[in-house]
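# Coordinates in review
Here is how the chains run, residue by residue.
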Amino acid sequence: MIAGERKADLARNSKAWDDASPKVEPIRGMPHDAPWSDQSRCWQLQAKSQQPRANSQNAILPSMRISYLECTRCGDHLTGDHPQNICPKDGGVLYVRYDLASLKGKLRREDLAGRVASMWRYAEVLPEFPGEKPVTLGEGFTPMLPSREYPKVYIKDEGLNPTGSFKARGMSAAVTMARHYGLKRLAAPSAGNAGGALAAYAAAAGIEAYIFMPKDVPMANRIESDYFGAHVTLVDGLISDCGRMVAERINKDGWPKNNDGWFDVSTLKEPFRVEGKKTMGYEVAEQLGWKLPQGIVYPTGGGVGMIGMWKAFDEMQELGWIGSERPKMITVQAAGCAPIVKAWEEGKSASEMWPGATTFASGLRVPKAYGDYLILDIIKKSGGTAVAATDEEMLAATRHWASKEGVFAAPEGAASLVAYQKLRASGFFTADDTVVLFNTGTGYKYLDMMEAQEKKLESAPATRHIGGIIGPY
Ligand SMILES: [Zn+2]
């Protein structure tokens, strides 16, 4: 090829690339006073093909003010004008309520086309305020991968979130609101990934984070929290011990008597993490063409993912986006820590503290979930069930998913596959049922746990392909 032809060829290739590649430019159809329309990289990084039509209805509607916070136990209404933890009367979890009736008809599901590929594409049903940008690192709108092994199964891969787990969604919403309220210090107990996510979003917001995690969390959680600049306390105990320590220190330090103390963002002890995680429910609907699946399998530690999705389904119905049908909601827990499974099997409406909780799937090592009554209610209403997976099964499923699907899941996520296989074997699901299996996090954060678990089980699997270490030549 002579030089001239080569140049022309390069120019053609360059043109083809330009036509095919995402464009970085402001979204048309968005008013200048829309939240974060000026600087947010996320809002501007849009695929050309996804851009809304000029003069379309895709612009973000004026921000929703929170109508009130509602107690999930007694139904009392509390104000969202200042930070709240739980219902002061009965300790019930608080749900954020919006004026969805006034949004119905104005916000249509087709208006979402072309919006930012993060959870903030659902801005109208998230807590945010005019003129304030959310604290975002690009969380949400994760891939819905069709399974290669099971034709009607999808893997919702939450491992691709910032900090590698679904926890990013909840912390994006919670830290956005913390900054709105002017809170300076946030504290949370964590089984691992929530701590890493809080640390990252607090760093992005310029807020201090105090994290209490068991001393044997995955190495990645410990190191990431430290690097994000959080104050990390390692506890010789479980997440329940960490939670108690946070509560004791907050009482001692006197929040809310003065605003310099810590604010507790523990799972379900503040109302906004649910709001972030509910976007998984919106995404399941949108990514499956607004037809909900027959089943959703969700690894359940604290259970907020499932609680959030259920809330999302109700909201979407109120908006007129979906009908009254719901997926069967399946909880999967570790056999070494399965309080929800036990309560479900015994027909109880709340769980008991699981004694001697042990599993290498650290996110499932939650001996009693604060929102257990909500989770059990959702399983019942949806016609779902609860399943346990042993550590050995989770490890094998992690390897199976990696080798069959190309998805390197967290052991908690791989538990979804274990549950699905058990429910297919029992006839609960058939090959015709569309089922979404949630991989809640990336396996890359669990390398030390996986290696230790393999050694513990002394099971050099027959499928291993690593031949051994050879020297340099
Ligand atoms: Zn209450």
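Everything discussed here concerns the structure shown above.
The following paragraphs examine the structure supplied in this document.

## Considerations on the overall build of the chain
The helix and strand inventory of the chain stands at 15 helices and 15 strands. Taking all 473 residues of the chain together, the buried fraction comes to 55%. Considering only contacts in the chain between residues 6 or more positions apart, those separated by 24 or more positions represent 70%. A total accessible area of about 20800 Å² is found for the chain, and carbon and sulfur atoms account for 53% of it.

## A look at helix H5 (residues 193–205)
For H5, with 13 residues, the first-to-last C-alpha span of 18 Å sits near the 18 Å given by 1.5 Å per residue. Counting buried residues along H5, 11 of its 13 residues qualify, which places the element largely inside the surrounding structure. For H5, the full list of buried residues reads Asn193, Ala194, Gly195, Gly196, Ala197, Leu198, Ala199, Ala200, Tyr201, Ala202 and Ala205. Where H5 is buried, its residues meet helix H4 (167–181), strand S8 (185–189), strand S9 (208–214), helix H6 (219–227) and helix H8 (272–277). Positioned one or two residues after H5, Gly206 has a phi angle of 70 degrees, which is positive.

## Examining the coordination of the zinc ion
Surrounding the zinc ion are the protein donor atoms Cys71 (SG), Cys74 (SG), Cys87 (SG), Asp90 (OD) and Asp90 (OD), which sit 2.3 to 2.5 Å from the metal. Site description for the zinc ion: donor spacing in sequence, C-x2-C-x12-C-x2-D. Pair noted here: Cys74 is in the loop between strand S3 (68–71) and strand S4 (77–78) and Cys87 is in the loop between S4 and strand S5 (94–97), with a separation of 13 residues, a long-range link. For Cys74, a relative accessible area of 32% translates into the label partly exposed. Among the residues examined, Cys87 registers a relative accessible area of 3% and is labelled buried.

## Comments concerning the packing of aromatic side chains
The geometry of an aromatic ring pair comes down to the distance between the two centres and the angle between the two planes. All told, the structure shown has 13 aromatic pairs when counted by the stated rule. Both rings, one in Tyr181 and one in Phe272, keep their centres 6.3 Å apart while their planes meet at 50 degrees; by these two values the pair is tilted. Separated by 91 residues along the polypeptide, Tyr181 in helix H4 and Phe272 in helix H8 bring together distant segments of the chain. A network of ring pairs unites the aromatic residues Tyr122, Tyr282, Trp290 and Trp321 as a single cluster.

## Concerning helix H12 (residues 372–382)
Summarising burial for H12: eight of the 11 residues are buried, a large majority. For H12, the set of buried residues is Asp372, Tyr373, Leu374, Ile375, Leu376, Ile378, Ile379 and Ser382. Close packing links the buried residues of H12 with S5, helix H10 (304–318), strand S13 (328–334), helix H11 (339–345) and strand S14 (385–389). With its phi angle positive at about 75 degrees, Gly383 sits one or two positions after the end of H12.

## Details of the sheet that holds S3
Strand order in the open sheet formed by three strands is S4-S3-S5, with antiparallel pairing between adjacent strands. Looking at which strands have only one partner, the edges of the open sheet turn out to be S4 and S5. The sheet contact formed by S3 and S4 spans two bridges and is antiparallel. Residue pairing across strands places Glu70 opposite His77, the latter belonging to S4.

## Let's talk about the sheet that holds strand S6 (residues 144–146)
Judged by pairing direction, the sheet is mixed, and its six strands sit side by side in the order S6-S7-S15-S12-S13-S14 without closing on themselves. In this open sheet, the two edge strands, each paired with only one partner strand, are S6 and S14. Pairs of neighbouring strands in the sheet enclose a mean axial angle of 25 degrees, with direction left out of account. Where S13 lies against S14, five bridges are found, and the strand directions are parallel. Directly across from Ile330, in S14, lies its bridge partner Thr385. Against the sheet, helix H9 (residues 279–287) makes contact with S6, strand S7 (153–157), strand S12 (295–299) and strand S15 (435–439), and its axis sits at roughly 135 degrees relative to S15, the strand it touches most. Sheet strands in contact with H12 are S13 and S14, and its direction is about 135 degrees off that of S13.

## What about empty space enclosed by the protein?
Enumeration according to the criterion identifies two cavities of 30 Å³ or more in this entry. Approximately 50 Å³ is the volume found for the second largest cavity. Around the second largest cavity, the lining residues are Pro83, Gln84, Ala174, Met177, Ala178, Tyr181, Leu183, Phe263, Glu270 and Phe272.

## Some thoughts on the packing of H5 against H6
Between H5 and H6, the shortest axis-to-axis distance is 8 Å and the interhelical angle comes to 15 degrees. One finds that H5 runs roughly parallel with respect to H6. Between H5 and H6 lies a crossing of left-handed hand. Within the contact between the two elements, H5 uses Asn193, Gly195, Gly196 and Ala199 and H6 uses Asn221, Glu224 and Ser225. Partitioning the contact of H5 with H6 into residue classes produces one nonpolar, five polar and one charged.

## Some thoughts on the nonpolar core
The nonpolar side chains of a soluble globular protein tend to be buried, and buried together. Ranked by internal contacts, the top residues of the largest apolar core, which has 84 residues, are Leu186, Leu198, Val284, Met309, Phe313 and Met316. Look past the residues within four positions of Leu186 in its chain and what remains in contact with it is Val175, Ala178, Leu198, Ile207, Glu208, Ala209, Tyr210, Phe263 and Val265. Ala397, Val407, Ala409 and Ala415 belong to the second-largest nonpolar core, a separate cluster that totals 32 residues.

## Topic: unusual backbone geometry
In this model, Leu268 sits at a positive phi of 65 degrees, which is unusual for a non-glycine residue. Mapped onto the elements of the fold, Leu268 is located in the loop between strand S11 (263–264) and H8. One non-glycine residue, Trp290, lies in positive phi territory at about 65 degrees. Following the sequence through the fold, Trp290 ends up in the loop between H9 and S12.

About the cut-offs
- Residues numbered from 1 in each chain as written.
- Predicted model: local features only at pLDDT ≥ 70, side-chain atom pairs only at ≥ 80, totals over all residues.
- Heavy atoms only, no water.
- Helix = DSSP H or I, 4+ residues; strand = E, 2+ residues; numbered from the N terminus.
- Buried < 20%, exposed > 50% of the residue type's maximum accessible area, 1.4 Å probe, protein only.
- Contact = heavy atoms within 4.5 Å.
- Areas by Shrake-Rupley, 256 points an atom, 1.4 Å probe, with all protein chains shown as cover.
- Expected span 1.5 Å × (residues − 1).
- Donors = N, O, S within 2.8 Å, 3.2 Å for Na, K, Ca; no water.
- Phe/Tyr/Trp six-rings, centres within 6.5 Å; stacked < 30°, edge-to-face > 60°.
- Pairing = 2+ DSSP bridges.
- Axes fitted to C-alpha atoms, helices over the stretch in contact; angles between N-to-C directions.
- 1 Å grid on protein atoms, 1.4 Å probe; cavity = no way out; pocket = protein on both sides within 12 Å on 5 of 7 lines; lining within 4 Å.
- Points joined across faces, edges and corners; volume = space filled by probe spheres on them.
- Parallel < 35°, antiparallel > 145°, perpendicular 65-115°, else oblique.
- Left-handed = near helix turned anticlockwise from the far one by under 90°.
- Nonpolar A, V, L, I, M, F, W, Y, C, P; charged D, E, K, R; others polar.
- Core = buried A, V, L, I, M, F, W, Y, C linked by side-chain atoms within 4.5 Å.

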